[in-house]
Amino acid sequence: MRILYGVVGEGMGHATRSRVLLEALTKEHEVHIVVSGRAQHYLAQRFQNVHGIWGLTIAYEGNSVKKWQTVLQNLQGAVAGWPQNVRQYFDLVEGFKPDVVVSDFETFSYLFAKRHMLPVISVDNMQIINRCTHDPALLAGHEESFEASRAIVKAKLPGAFHYLTTTFFYPPVRKRRTTLAPSILRPEILAAKPEAGEHLLVYQTATTNTHLPEILKQSGVPCRVYGLRRDLKEDVVDGNLTYRPFSEAGFIDDLRTARAVVAGGGYTLMSEAVYLHKPLLSIPVGGQFEQVLNALYLERLGYGMYVKELSLDALRTFLSRVPACAESLKGYEQDGNVKMLSALNDQLAQAYEHRGHWRMELAEMDGKA
């Protein structure tokens, strides 16, 4: 079949997990990919028919989202970005007529599907916020942020044919056409053999988080730090800290041999750490409740610890909990990407079979178009 696959470009987690699914899909189907941001270069190196589009971006200050700067940044980007998207739209209409659309939380492909009445299969970890029931005790103190995030997620890809939601935690599903599946993992992660080392793997997406290095220095623990200095060409050693330029192979090796991980609340790295049985101290980016929810479940399962802001005391508390977290993680098992790929293939087959009249069937099921 012909598949249009949309990948949101903010953060690289969407691209790395989409790569896994795309490697399987492109073997059997004709696939065109629409993607924005840094993810475009990453996917264009690996696949044909990659169409660059403009997408939303996020501005950071410290370890928090800078809301007004984000709004201004996106308004300015839209001026140049929308014409580019319009061009890509007409190119796709003229040269490629997809049967089904797969969207990893990406809007352009979703709107394309709506315009041409095509079934959309949502593949991401975000929909768990809206399509599952969460324990009120877990959300205590976060109710307003949760409701705001749920409203945003609900509005992102409404009325999809099916929602495939990746996860390492399993709250009760509350909506139809929803499947929870284990995390999508890169083949390099599946091939990695965990070893117990002494260092901490530290990863930060926001280069503005300037207070982090001093806290790590005070801990005295060897740390291999990624993300804070993106212009590096080689390692830079500063006491117990080793700043490293990004290398996929190097990063995975540091992850598989780490004592533990210190990172934000991003789902991709968290899911990889869980799979490799590495305890994780999560400091979610302020203003991103999805990361907070990930961290809350991580802590509830005993796989790591959640803190709003990093301090030396918090880091020391986490280090004291690492042995207990490692013990809890021994109970986590996952058979690679088997369940996810099986679920995706099943939904693609159903969407292809029901294309053209799926809206009527959903209306009958849900009482709405």
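Residues numbered from 1 in each chain as written. Predicted model: local features only at pLDDT ≥ 70, side-chain atom pairs only at ≥ 80, totals over all residues. Heavy atoms only, no water.

Per an unreviewed UniProt entry, the recorded name for the chain is Teichoic acid biosynthesis protein, and the organism is Corallococcus macrosporus.

To continue, consider the pairing of strand β6 (residues 100–104). For β6, the tally of buried residues reaches five of five residues, placing the bulk of the element in the interior. Neither face of β6 is left uncovered, since the one carrying Val100, Val102 and Asp104 and the one carrying Val101 and Ser103 both have all their residues buried. Two strands pair when backbone bridges link them, and β6 and strand β7 (residues 120–124) are joined in this way by three bridges, in the parallel orientation. In the sheet register, Ser103 faces β7, and the bridge partner there is Ser122. (Buried < 20%, exposed > 50% of the residue type's maximum accessible area, 1.4 Å probe, protein only. Helix = DSSP H or I, 4+ residues; strand = E, 2+ residues; numbered from the N terminus. Pairing = 2+ DSSP bridges.)

Moving on to the sheet that holds strand β14 (residues 260–263). The strand order across the open sheet formed by seven strands is β12-β13-β11-β10-β14-β15-β16, and the pairing between neighbours is mixed. Since the sheet does not close on itself, it has two edges, and those belong to β12 (236–238) and β16 (304–306), each with one partner. Sheet twist, expressed as the mean angle between neighbouring strand axes with direction ignored, is 20°. Judged from the four bridges that link them, strand β10 (residues 200–203) and strand β11 (residues 223–226) form a sheet pairing that is parallel. (Axes fitted to C-alpha atoms, helices over the stretch in contact; angles between N-to-C directions.)

The next thing to look at is unusual backbone geometry. We note that Asn49 has phi near 60°; this positive angle belongs to a residue other than glycine. Note on placement: Asn49 falls in the loop between α2 (38–44) and β3 (50–52). Its identity as a non-glycine residue notwithstanding, Met117 has a phi of 55°, on the positive side. Here Met117 shows up in the loop between α4 (107–115) and β7.

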